Amino acid sequence: MRTIHTLFAASLAAGVALAATSPAAAIDQRKASEARQTSRAVLICDTDAATRRAFTREHGAAPVFVTAEEALRVRPSDPAWTTPRCITEREHARLRDATTAQARVP
């Protein structure tokens, strides 16, 4: 009987906590959804056939590869991408180095 009361109290506390955070979670999910619609996601992809097939299967289109320079030139006013763009590991390193260098310059 004591176990049932403990389980009931724990489930009640969890329900109250969930109800308190539910509106905030809904707002966060909506913001994330809006960000995905307007974002320009870039994924690190290999150039082999298996990766291309997997990307096509998951996103419904063949991968489009961009360079670090192209990724840096994207502006908020540019149209959103319908599918994520791909970047090779080497170009990703260039992109990372370029953004780090920009962050250091006053």
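In this text the structure is predicted, and so the values were computed from the model without any measurement.

### Topic: the overall build of the protein chain
- Secondary structure assignment for the protein chain yields four helices and two strands.
- Secondary structure elements of the protein chain occur, N-terminal to C-terminal, as α-β-α-α-β-α.
- Buried positions account for 13% of the 106 residues belonging to the protein chain.
- Within the protein chain, residue pairs in contact and separated by at least 24 positions form 59% of the contacts whose partners lie at least 6 positions apart.
- Accessible area for the protein chain stands at about 8300 Å²; split by element, carbon and sulfur atoms hold 59% of it.

### Comments concerning the environment of His92
- Tracing the backbone shows His92 in helix α4 (residues 89-104).
- Beyond its immediate chain neighbours, meaning those up to four positions away, His92 contacts Ile44 and Ile87.

### Observations regarding the side chain of Thr83
- Mapping Thr83 onto the fold places it in the loop between α3 (68-73) and β2 (85-87).
- Once residues within four sequence positions are removed from consideration, Thr83 is found in contact with His59 and Ala61.

### Here we look at the pattern of salt bridges
- Taken as a whole and judged by the stated rule, the model has two salt bridges.
- Here Glu91 ties to Arg94 by a salt bridge, and the two come within 2.7 Å at their closest N and O atoms. Of this pair, Glu91 and Arg94 both sit in helix α4, three residues apart, which is roughly one turn of that helix.
- By relative accessible area, Glu91 is classed as buried at 14%.

### Let's talk about the side chain of Arg85
- With respect to the helices, strands and loops of the structure, Arg85 is situated in strand β2.
- For Arg85, which is buried and forms no salt bridge, the nearest opposite charge comes from Glu70, at a distance of 7.9 Å.
- At a separation of 3.4 Å, a polar atom in the side chain of Arg85 contacts the main-chain carbonyl oxygen of Thr83.
- Aside from chain neighbours lying at most four places away, what touches Arg85 is Ala41, Val42, Leu43, Val64 and Val66.

### Side note on the environment of Glu58
- Looking at the element boundaries, Glu58 is found in helix α2 (residues 49-59).
- On the basis of relative accessibility, which here comes to 64%, the residue Glu58 falls in the exposed class.
- Measuring from C-alpha to C-alpha, the distance between Glu58 and Thr83 comes to 9.9 Å, with 25 residues separating the pair along the chain.

Conventions we followed
- Residues numbered from 1 in each chain as written.
- Predicted model: local features only at pLDDT ≥ 70, side-chain atom pairs only at ≥ 80, totals over all residues.
- Heavy atoms only, no water.
- Helix = DSSP H or I, 4+ residues; strand = E, 2+ residues; numbered from the N terminus.
- Buried < 20%, exposed > 50% of the residue type's maximum accessible area, 1.4 Å probe, protein only.
- Contact = heavy atoms within 4.5 Å.
- Areas by Shrake-Rupley, 256 points an atom, 1.4 Å probe, with all protein chains shown as cover.
- Salt bridge = Lys/Arg side-chain N within 4 Å of Asp/Glu carboxyl O.
- Lys, Arg positive; Asp, Glu negative; His and termini not counted.
- Polar contact = N/O pair within 3.5 Å; in protein donor to acceptor, adjacent residues only side chain to side chain.

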